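# Reading the structure
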Amino acid sequence: MKVTVTSIKLKGPFKFFALSAQALKIARQLKATNCREYKKRGFWTTHYTMTLWNSEAELKQFAQSDAHLQAMKDSATIAREIRTYTYDADHLPDWPAAIQLLLYKAKITRF
């Protein structure tokens, strides 16, 4: 199975509204997939997600389609930085471990 952990740092607090609109569409898309588990948290301008997938193929199919794909294309308008880390595991990490993975192992995209 695959775990993906993601963080997004917004350009400012007012970008939260745009993020929320995108997140709602992505959540609807996620519910229609075979995602095994999903967690999210965030405050002010920093937000996190983690997902557990049966396979890398299912993960990629989700990430590269519909609302998620559109959000990735639009991310430069709301984000200062996005970090993503994907690895093999059979369960999601706790939040402190997830944040450490993002700090030290993630792919970083800055806008």
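In case you missed it, the structure is sitting above this.
Residues numbered from 1 in each chain as written. Predicted model: local features only at pLDDT ≥ 70, side-chain atom pairs only at ≥ 80, totals over all residues. Heavy atoms only, no water.

### As for the sheet that holds strand 2 (residues 37-43)
Strand order in this open sheet of 5 strands is 2-3-1-4-5, and the pairing throughout is antiparallel. Of all the strands in the sheet, the pair left with one neighbour each is strand 2 and strand 5 (107-110). Between one strand and the next, the sheet's axes are offset by a mean angle of 10 degrees, whatever the strand orientation. Relative to strand 3 (residues 46-53), strand 2 runs antiparallel, the two being bridged by 7 bridges. (Pairing = 2+ DSSP bridges. Helix = DSSP H or I, 4+ residues; strand = E, 2+ residues; numbered from the N terminus. Axes fitted to C-alpha atoms, helices over the stretch in contact; angles between N-to-C directions.)

### A short note on the nonpolar core
Residues V3, V5, M50 and Y87 are the most contacted members of the largest nonpolar core, which totals 14 residues. For this core, the secondary-structure elements that each account for two or more residues are strand 1 (2-10), strand 3, strand 4 (79-88) and helix 4 (95-105). Discounting residues that sit within four places of it in the chain, V3 has contacts with T51, L52, Y85, T86, Y87, A89, H91, L92 and P93. In this structure, C35, W53, F62 and A71 belong to the second largest nonpolar core, which totals 7 residues. (Core = buried A, V, L, I, M, F, W, Y, C linked by side-chain atoms within 4.5 Å. Buried < 20%, exposed > 50% of the residue type's maximum accessible area, 1.4 Å probe, protein only. Contact = heavy atoms within 4.5 Å.)

### Some thoughts on the packing of aromatic side chains
Within this structure, the stated rule accounts for 4 aromatic pairs. With a centroid separation of 5.3 Å and an interplanar angle of 35 degrees, the aromatic rings of W53 and F62 are classed as tilted. A residue is classified by how much of its surface remains accessible, and W53, at 0% relative accessible area, is buried. (Phe/Tyr/Trp six-rings, centres within 6.5 Å; stacked < 30°, edge-to-face > 60°.)

### A few points about the pairing of strand 4
Sheet analysis places strand 1 next to strand 4, joined by 9 bridges and oriented antiparallel. Each bridged residue has a counterpart across the sheet, and for K2 the counterpart in strand 4 is D88. Relative to strand 5, strand 4 runs antiparallel, the two being bridged by 4 bridges. Each bridged residue has a counterpart across the sheet, and for T84 the counterpart in strand 5 is K107.

### Some remarks on the side chain of S7
Mapped onto the fold, S7 is located in strand 1. The residues touching S7, leaving out its near neighbours within four places in the chain, are H47, Y48, E81, I82, R83 and L102.

### Some remarks on the pattern of salt bridges
Taken as a whole, this structure holds 5 salt bridges when the rule is applied. Notably, a salt bridge pairs K2 with E56, separated by 3.9 Å at the nearest N-O pair. Taken together, the residues K2 in strand 1 and E56 in helix 2 (residues 56-63) connect sequence positions 54 residues apart. Note that K60 is salt-bridged to E56, the shortest N-O span being 3.4 Å. One end of the pair is K60 and the other is E56, both in helix 2 and 4 residues apart, which spans about a single turn. When its relative accessible area of 42% is taken as the criterion, K60 is described as partly exposed. When salt bridges with common partners are traced through the structure, they connect K2, E56, K60 and D88 into a single cluster. (Salt bridge = Lys/Arg side-chain N within 4 Å of Asp/Glu carboxyl O.)

Function-wise, these values are silent; they only describe arrangement.
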